[in-house]
Each structure stands twice: as C-alpha cells, then as structure tokens.
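Secondary and tertiary structure notes
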Amino acid sequence: MKAKQLGVIKHVQVDARKEFVEEYIFRSIKANGIYEGYPLSTALARYPIASKLVEIARKEKVDAVAHGCTGKGNDQFRFDTTIAIKGPELKTIAPIRELNLDRKWELKYAQKQGIPLSKVGKSYSIDENLWGRSIEGGVLEDPARAPPEEIYVWTRPPEKAPPKPRIIEIEFKEGVPIAIDEKRMDGLQLITKLNKIAGEYGVGRIELIEDRILGLKARENYEAPAATVLIQAHRALEQLVLTKQELAFKQAVDQTWADLAYSGLWFDSLREDLDAFIDNTQKRVTGKVKVELNRGNSRVVARSSPYSLYDEELASFERYGFDQRDAIGVIKFHALQSKILHKRKGD
Ligand code: ARG
C-alpha cells in the first residue's frame with residue numbers, strides 16, 4: 001500500500017515466515033538465544049531479510065541495494081555483512097549513514113514526500129517480527145524515565161491482565177516446541193498463538209541497557225511474550241535431561257552463539273559449529289513443561305521427559321533408594337586439598 005502510494009516502479013513482497021521460524025527462531029530456542037536479556041528478535045530477522053534482498057537484486061539484475069540504517073546501530077552490521085557475503089557484486093547504499101542525517105530530517109522528508117507514518121511511528125523507532133517487537137528513541141532515550149504505556153502493543157499492562165493465573169503446557173520434541181496444551185501446531189501457529197496468550201497476561205515486557213556492537217550503551221525496550229515463555233520452558237527442560245557437565249558447557253556455547261547472532265556474524269562458520277554441538281544435545285530435549293502466567297510474570301511450575309535424569313527414588317526424603325552410609329566415605333575425600341591447606345596454615 002505504501003509503495004503504491006509513493007508510486008514506486010516495482011514492489012516485491014516475500015513471505016519468509018516459515019523459513020524465519022525453522023532456520024532462525026528454532027535454532028535460537030535450542031541455543032536459549034538471549035543477548036544481555038534481549039531475545040534477539042530484530043537481530044535474527046536481519047539475516048533472512050538481507051539474503052532475500054540479494055536474491056531479488058540478482059533476479060532484477062540491479063547493481064546496488066539500499067537500506068535506511070543509521071551509522072549508530074547494529075542493523076547496519078547485519079545488513080552490510082550479509083549483503084557482502086551473499087552478493088559481493090552489489091553496492092550497498094545507506095543514505096542516512098552516508099549523508100550523516102538524523103531522525104528529525106527523516107521525519108521532515110517523510111512528510112514532504114507524503115510517506116504515511118503512525119503516531120507511534122513518529123515518536124519511536126520500531127521494528128517488529130514474529131519473535132518480538134523493539135521500541136527505541138524518543139522519550140525512551142532517557143533511561144531515568146520509565147517507558148510510557150503507549151509503546152506497548154502486544155502486551156497488556158499487568159494490572160489489566162486476567163486476575164486469575166493461567167497454566168499452559170508446552171511440549172517440546174528435540175528442543176523444538178510442537179504443542180500448546182496438547183494441541184499440535186506448526187512453529188508459525190504456535191508462536192503466533194503464544195504471543196497472544198502470554199501477551200494477554202502482560203508477559204514479555206523487557207527494559208534494558210544494551211551494549212551495542214560499536215560500544216554505545218543503548219536504552220532498549222522489547223515486547224517478546226512467546227520468546228520469553230519458550231526460552232524459559234526450554235531451559236527448564238534442559239535442566240531435567242542434560243547432565244551437569246553438558247549444562248555448564250552449553251551455557252558458554254549458548255552465550256557465544258547469541259553474541260554471534262547479535263553482532264552480525266551469523267554466517268561465521270563458528271555459528272554452524274556451535275549449532276552442530278547444540279543439535280546433538282537436543283536429541284534428548286523432549287518432554288512437557290508447565291508455565292504459569294500471572295500478571296506480567298511467567299514461571300515454570302512443572303516438567304517431565306522420557307529422558308529425565310531425575311530419579312525420585314534416589315532424591316526422595318521419604319524413601320531409601322541407596323544406603324546413606326555410603327556417603328560417609330565419599331565425604332572423607334571431599335575438599336581434601338582444602339583440608340590439607342588449612343592444616344598447613346595452622347587454622
Ligand atoms: N537493539 C536491537 C538490536 O540490535 C533492536 C534494534 C531494532 N531497531 C529499531 N529500529 N528499533 O537487535
């Protein structure tokens with residue numbers, strides 16, 4: 001509609017939602033993809049957007065592409081890098097960055113050219129996709145001020161959420177969500193539905209000071225109801241089925257994975273190497289997790305899996321399971337070196 005209004009010569013629309021879910025969001029769930037508290041929604045989407053852009057540029061036989069990123073943010077890194085990797089013959093033009101323009105100039109230009117903008121679109125810089133909504137700029141640039149209610153579109157204020165908590169059950173198969181409350185759905189449906197359900201309970205509002213690639217600290221606000229609940233539930237299931245050693249090692253792997261996805265380095269082969277490790281761990285991440293949604297909060301309340309490493313018999317206060325006296329010998333050797341050291345020091 002906008003393109004038509006502006007009289008552009010040709011407009012192409014690509015529906016890449018399925019690919020976005022399966023190639024990017026699912027990987028991110030398996031990697032518990034979070035950067036400094038941010039579930040990477042915008043970051044992940046930039047790679048398929050830029051990849052599709054290159055595909056179309058080739059089909060249309062153009063020699064340059066353009067984007068509207070400023071020189072301050074992260075998106076320029078994700079776009080420019082992906083375009084340079086996938087379409088090295090293409091020139092990338094970024095007028096806002098090249099001419100050192102600011103938002104005031106952009107708004108005036110939009111007005112002059114008759115480019116329609118909504119009220120929130122005028123006041124903030126917004127990016128939105130299936131995995132989350134990001135809101136920056138305007139009054140949000142003062143981190144000492146709480147975000148105004150008007151920035152939120154997907155989530156209700158907690159005080160307007162349903163008064164009674166709701167428990168939902170999410171089923172995972174090999175690290176990927178496949179059902180809500182026993183109803184099987186594909187990823188696109190499941191995430192869309194969960195954004196709605198959790199959003200209604202005010203879940204998924206995130207306020208952050210984020211360290212951008214260039215080193216700037218930025219005040220960021222997000223709405224990511226489905227991402228919040230799914231990553232929380234996925235982690236809870238991993239705790240049940242992965243060994244202590246796997247969990248500790250994977251935490252470091254997940255952190256590096258999120259750094260790469262955030263920093264415009266999705267196509268670094270290290271990301272693929274990490275995905276290979278992550279995929280192998282996910283073979284056992286199958287089971288069900290119950291999450292309670294309650295006025296702005298989500299909380300895991302129950303989990304089960306055929307691959308559970310939890311042994312009720314062993315852990316129970318009520319049952320024997322093993323002969324407790326066997327622990328006595330083990331404890332004699334526990335902290336052995338500390339015991340020797342403190343003796344030497346004459347403690
Ligand atoms: N800080 C986030 C990121 O780097 C969100 C950027 C979103 N862009 C925007 N114009 N609101 O991924």
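See above for the structure.
Residues numbered from 1 in each chain as written. Predicted model: local features only at pLDDT ≥ 70, side-chain atom pairs only at ≥ 80, totals over all residues. Heavy atoms only, no water.

**Here we look at the packing of aromatic side chains**
Counted only if it meets this: Pairing of aromatic rings covers Phe, Tyr and Trp, the last through its six-membered ring, and needs centres within 6.5 Å; plane angles under 30 degrees mean stacked, over 60 mean edge-to-face, and all others mean tilted. Working definition: helices are DSSP H or I runs of at least four residues, strands are E runs of at least two. Numbering for both runs from the N terminus. Burial classification: accessible surface area is computed with a 1.4 Å probe over protein chains only, and a residue below 20% of its type maximum counts as buried, one above 50% as exposed, and the rest as partly exposed. The rule is short: NZ of Lys or CZ of Arg within 6 Å of the ring centre and within 35 degrees of the ring normal puts a charge over the ring.
For the structure shown, the criterion picks out ten aromatic pairs. Ring geometry for Tyr 47 and Phe 267: centres 5.9 Å apart, planes at 85°, overall edge-to-face. Here the residue Tyr 47 occupies a position in helix 3 (residues 41–59), and Phe 267 occupies one in the loop between helix 10 (244–262) and helix 11 (269–281), the gap between them amounting to 220 residues. Its relative accessible area of 26% is what places Phe 267 among the partly exposed residues. A connected cluster of aromatic rings, assembled from ring pairs, spans Phe 20, Tyr 24, Tyr 47, Trp 257, Trp 266 and Phe 267. In this structure, Arg 78 is placed above the aromatic ring of Tyr 262, and the distance from its NZ or CZ to the ring centre is 5.1 Å. Stacked on the ring of Trp 266, the Lys or Arg Arg 271 has its end atom at 3.9 Å from the ring centre.

**Brief notes about the pairing of strand 3 (residues 125–129)**
As a reminder, the rule being used: Any two strands between which DSSP finds at least two bridges are classified as paired.
When strand 3 meets strand 4 (residues 132–136), the two strands line up antiparallel, connected through five bridges. Residue pairing in the sheet places Asp 127 in a bridge with Ser 134 of strand 4. Where strand 3 folds back onto strand 4 in an antiparallel hairpin, the turn is made up of two residues.

**Some points on the packing of helix 10 against helix 11**
To be explicit about the condition: All axes here are fitted lines through C-alpha atoms, helices being fitted over the stretch that makes contact, and every angle between N-to-C directions spans 0 to 180 degrees. For classification, angles of less than 35 degrees are called roughly parallel, those exceeding 145 degrees roughly antiparallel, those between 65 and 115 degrees roughly perpendicular, and all remaining angles oblique. Left-handed describes a crossing whose near helix is turned anticlockwise from the far helix through less than a right angle; right-handed describes the clockwise counterpart. In what follows, residue pairs with any heavy atoms lying within 4.5 Å of each other are defined as contacts. Side-chain classes are defined by residue name, with Ala, Val, Leu, Ile, Met, Phe, Trp, Tyr, Cys and Pro counting as nonpolar, Asp, Glu, Lys and Arg as charged, and the others, Gly among them, as polar.
Two numbers describe how helix 10 lies on helix 11: the axes approach to 10 Å, and their chain directions differ by 140°. With respect to helix 11, the axis of helix 10 lies oblique. Viewed along their axes, helix 10 and helix 11 form a crossing whose handedness is left-handed. Mapping the contact onto sequence places Phe 249, Lys 250, Val 253, Asp 254, Thr 256, Trp 257 and Leu 260 in helix 10 and Leu 270, Arg 271, Leu 274, Asp 275, Phe 277, Ile 278 and Thr 281 in helix 11. For the contact of helix 10 with helix 11, the class distribution of residues is eight nonpolar, two polar and four charged.

**Description of the environment of Val 241**
Position of Val 241 relative to the elements: it lies in helix 9 (residues 225–241). Look at Val 241 and you get buried, because its relative accessible area is 0%. Considered as a pair, Val 241 and Gln 282 are 41 residues apart in the sequence and their alpha carbons are 9.5 Å apart. For Val 241, the residues in contact, after removing those within four places along its chain, are Arg 284, Val 285, Ser 305, Tyr 307, Ser 308 and Leu 309.

**Things to note about the sheet that holds strand 8 (residues 205–211)**
The strand order across the open sheet formed by four strands is 3-4-9-8, and the pairing between neighbours is antiparallel. Edge positions in the sheet fall to strand 3 and strand 8, since each of these pairs with one other strand and no more. Across the sheet, the mean angle separating the axes of adjacent strands is 20° when strand polarity is ignored. The sheet contact formed by strand 8 and strand 9 (residues 217–223) spans seven bridges and is antiparallel. When the bridges of strand 9 are listed, Glu 207 appears paired with Asn 221.

**Section: helix 11**
Put simply, the rule is: Multiplying 1.5 Å by the residue count of a helix minus one yields the expected span of that helix. Each direction from the helix axis to a C-beta atom contributes to the arc, which is the arc of those directions. Think of a polar contact as two N or O atoms within 3.5 Å of one another; within protein, one of them needs to be a possible hydrogen donor and the other a possible acceptor, and neighboring residues in sequence only count if both atoms come from side chains.
If you check helix 11, its first and last C-alpha atoms are 19 Å apart, about what 13 residues at 1.5 Å a residue would give, namely 18 Å. Looking only at helix 11, the buried set comprises Arg 271, Leu 274, Asp 275, Ile 278 and Thr 281. Down the axis of helix 11, the smallest arc covering the buried residues is 115°, so these residues share one side. On its buried side, helix 11 packs onto helix 2 (17–30) and helix 10. The N-cap residue of helix 11 is Asp 268: its side-chain oxygen and the backbone nitrogen of Leu 270 are 2.9 Å apart.

**Considering the site of the ligand**
Threshold: Near is defined per residue: the residue qualifies when any heavy atom it owns lies within 4 Å of the molecule or strand. For the area figures, the Shrake-Rupley method with a 1.4 Å probe applies, and any residue is considered shielded solely by the protein chains shown.
Neighbouring the ligand are 14 residues, the closest being Tyr 38, Asn 74, Arg 78, Ser 125 and Glu 210. Contacts to the ligand include Ser 125, whose side-chain N or O atom sits 2.6 Å from a nitrogen atom. Interatomic distance of 3.1 Å between a side-chain N/O atom of Tyr 222 and a nitrogen atom of the ligand. Here the ligand loses 92% of its free accessible area of 350 Å² to cover by the protein chains. Looking at the shell around the ligand, the elements that each hand over two or more residues are helix 3, helix 4 (75–86), strand 3, strand 4 and strand 9. Counted by class, the shell around the ligand contains four nonpolar, four polar and six charged residues.

**Some remarks on the sheet that holds strand 6 (residues 176–180)**
Taken together, five strands build an open sheet; the order of strands is 7-6-5-10-11 and the sheet is antiparallel. Edge strands, defined here as strands with exactly one partner in the open sheet, are strand 7 (183–184) and strand 11 (297–304). Sheet topology note: the strand 5 (residues 166–173)/strand 10 (residues 287–294) ladder contains seven bridges and is antiparallel. Looking at strand 10, one finds that Ile 167 is bridged to Glu 292. Across the sheet, helix 8 (residues 187–200) touches strand 5, strand 6, strand 7 and strand 10, and the angle it forms with strand 6 is around 65°.

**Some details on a nonpolar patch on the surface**
Selection criterion: Residues qualify for a patch when their relative accessible area is over 30% and they have no salt bridge, like charges being joined within 9 Å and the nonpolar side chains of Val, Leu, Ile, Met, Phe, Trp and Tyr within 5 Å. Salt bridge, as applied in this entry: a Lys or Arg side-chain nitrogen positioned within 4 Å of an Asp or Glu carboxyl oxygen.
Taken together, Phe 333, Leu 336 and Ile 340 make up a surface patch of nonpolar side chains, about 300 Å² in accessible area. On the secondary structure map, Ile 340 appears in helix 14 (residues 336–344). The exposure class of Ile 340 is partly exposed, given its relative accessible area of 38%.

**Things to note about the pattern of salt bridges**
Across all of its chains, the model carries 29 salt bridges by this definition. Ionic pairing is found between Glu 223 and Arg 133, a salt bridge with its closest N-O pair at 2.7 Å. Highlighted residues: Glu 223 in strand 9 and Arg 133 in strand 4, separated in sequence by 90 residues. Accessibility assignment for this pair places Glu 223 and Arg 133 in one class, buried. Here the salt bridges do not stand alone but share partners, grouping Glu 23, Arg 27, Arg 271 and Asp 275 into one network.

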